[in-house]
Amino acid sequence: MADNDLDEQFKSWYENVVKTSQLTIKEQAQITKAAADAGAEVLKKETREKHYRDRKTGSDPHLADSIYAEAKNVDGNSDGTSIMGFDTKKFYIARFLNDGTKHNKADHFVDIAREDAKVTAMEAEKKAFQEIIKEKGFS
């Protein structure tokens with residue numbers, strides 16, 4: 001009799017695990033977008049600290065203001081992944097600053113920001129996942 005109770009508990013646990021692990025593309029995108037947003041904020045902060053000058057930029061935004069996060073892959077398709085990075089008009093400037101050139105020493109600010117963002121992004125993913133689980137009625 002005790003074996004049946006344990007079997008039922010394991011079966012119930014297994015069904016809950018299956019239900020919570022089967023996420024729709026929209027839910028996956030919601031989770032990865034939270035991580036991308038967190039990473040973008042860290043990258044913006046790092047860019048402002050290392051490469052921001054208070055100047056008039058006109059219609060051309062500053063490098064730190066051209067960072068974005070999107071709930072699409074690099075091809076622009078919605079498949080549950082998200083990306084974050086510099087605008088296509090500014091990414092080459094960030095690359096020159098990060099990797100250096102023949103005339104400028106590299107400071108690796110993008111690499112540092114990515115490393116710093118790992119924990120923040122994982123926490124944001126965890127929070128988004130927990131919200132989805134609560135919406136589905138699990139704890």
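Residues numbered from 1 in each chain as written. Predicted model: local features only at pLDDT ≥ 70, side-chain atom pairs only at ≥ 80, totals over all residues. Heavy atoms only, no water.

**Digging into the packing of helix H3 (residues 91–99) against helix H4 (residues 109–135)**
The condition is simple: Here the axes come from fitting lines to C-alpha atoms, over the contacting stretch only for helices, and the angles between their N-to-C directions go from 0 to 180 degrees. Starting at the N terminus, helices and strands are each numbered in turn, a helix being any DSSP run of H or I of at least four residues and a strand any DSSP run of E of at least two. Orientation is classified from the angle alone, with under 35 degrees giving roughly parallel, over 145 giving roughly antiparallel, 65 to 115 giving roughly perpendicular, and any other angle giving oblique. Between two residues, a contact is recorded if the distance between any of their heavy atoms is within 4.5 Å.
Across the interface, H3 lies against H4 with an axial gap of 7 Å and an inter-helix angle of 90 degrees. As the angle between them shows, H3 and H4 are arranged roughly perpendicular. Residues Ala 94, Leu 97 and Asn 98 of H3 pack against Phe 109, Val 110 and Asp 111 of H4.

**Some thoughts on the nonpolar core**
Burial of nonpolar side chains together is a common tendency in soluble globular proteins. Put simply, the rule is: For this analysis, a nonpolar core means a set of buried residues of the types Ala, Val, Leu, Ile, Met, Phe, Trp, Tyr and Cys, connected via side-chain atoms within 4.5 Å. Residue burial is assigned from relative accessible area. The probe radius is 1.4 Å, only protein chains are included, and a residue is buried under 20% of its type maximum, exposed over 50%, and partly exposed in between.
Formed by Ala 40, Val 42, Leu 43, Leu 63, Ile 67, Phe 86, Ala 94, Phe 109, Val 110, Ala 113 and Ala 117, the largest nonpolar core amounts to 11 residues. If you list the elements that add at least two residues to this core, you get helix H2 (25–51) and H4. The residues contacting Ala 94, other than those within four sequence positions of it, are Leu 63, Phe 86 and Phe 109.

**Points about the packing of H2 against H4**
As a reminder of what qualifies: Handedness of a helix crossing follows the sense of rotation of the near helix relative to the far helix, less than a right angle counterclockwise being left-handed and clockwise being right-handed. Residue type decides the class: Asp, Glu, Lys and Arg count as charged, Ala, Val, Leu, Ile, Met, Phe, Trp, Tyr, Cys and Pro as nonpolar, and the leftover types, Gly among them, as polar.
H4 packs onto H2 with a crossing angle of 150 degrees between their chain directions and a minimal axis gap of 7 Å. When the interaxial angle is binned, H2 and H4 end up roughly antiparallel. Here H2 and H4 pass one another in a crossing that is right-handed. Considering only residue class, the contact of H2 with H4 consists of 16 nonpolar, 6 polar and 5 charged.

**Let's talk about a negative patch on the surface**
As a reminder of what qualifies: Note that patches include only residues with greater than 30% relative accessible area and no salt bridge, and the join distances are 9 Å for like charges and 5 Å for nonpolar side chains (Val, Leu, Ile, Met, Phe, Trp, Tyr). Only the protein chains shown count as cover for residues, and the accessible areas themselves come from Shrake-Rupley with a 1.4 Å probe. Put simply, a salt bridge is a Lys or Arg side-chain nitrogen that is within 4 Å of an Asp or Glu carboxyl oxygen. The sign given to each residue is positive for Lys and Arg and negative for Asp and Glu; His and the chain ends receive no count. To locate a charge, take atom NZ for lysine, CZ for arginine, CG for aspartate or CD for glutamate.
Residues Asp 5, Asp 7, Glu 8 and Glu 15 make up a contiguous surface patch of negative charge. With relative accessibility at 51%, the residue Glu 8 sits in the exposed group.

**So, the side chain of Thr 47**
For the record, the criterion: Here a polar contact is recorded for every N or O atom pair within 3.5 Å, except that within protein the pair must consist of a potential hydrogen donor and a potential acceptor, and residues adjacent in sequence are included only if both atoms are side-chain atoms.
Residue placement: Thr 47 occurs in helix H2. A polar atom in the side chain of Thr 47 sits 2.7 Å from the backbone oxygen of Leu 43. The residues contacting Thr 47, other than those within four sequence positions of it, are Tyr 52, Leu 63, Ala 64, Ile 67, Phe 86 and Phe 109.

**A closer look at the packing of aromatic side chains**
Put simply, the rule is: When two rings of Phe, Tyr or Trp (its six-membered ring) have centres within 6.5 Å they constitute a pair, described as stacked for plane angles under 30 degrees, edge-to-face for angles over 60, and tilted for the intermediate range.
Following the criterion strictly, the structure yields 3 aromatic pairs and no others. Seen from their ring centres, Phe 91 and Tyr 92 are 6.4 Å apart, and the 90 degrees between their planes marks the pair as edge-to-face. Look at Phe 91 and you get partly exposed, because its relative accessible area is 48%. For the ring pair Tyr 92 and Phe 96, a centre distance of 6.0 Å and an interplane angle of 85 degrees mean the geometry is edge-to-face. One end of the pair, Tyr 92, and the other, Phe 96, are both in helix H3, 4 residues apart, so they sit about a helical turn from each other. Under the relative-accessibility criterion, Phe 96 is labelled partly exposed at 41%.

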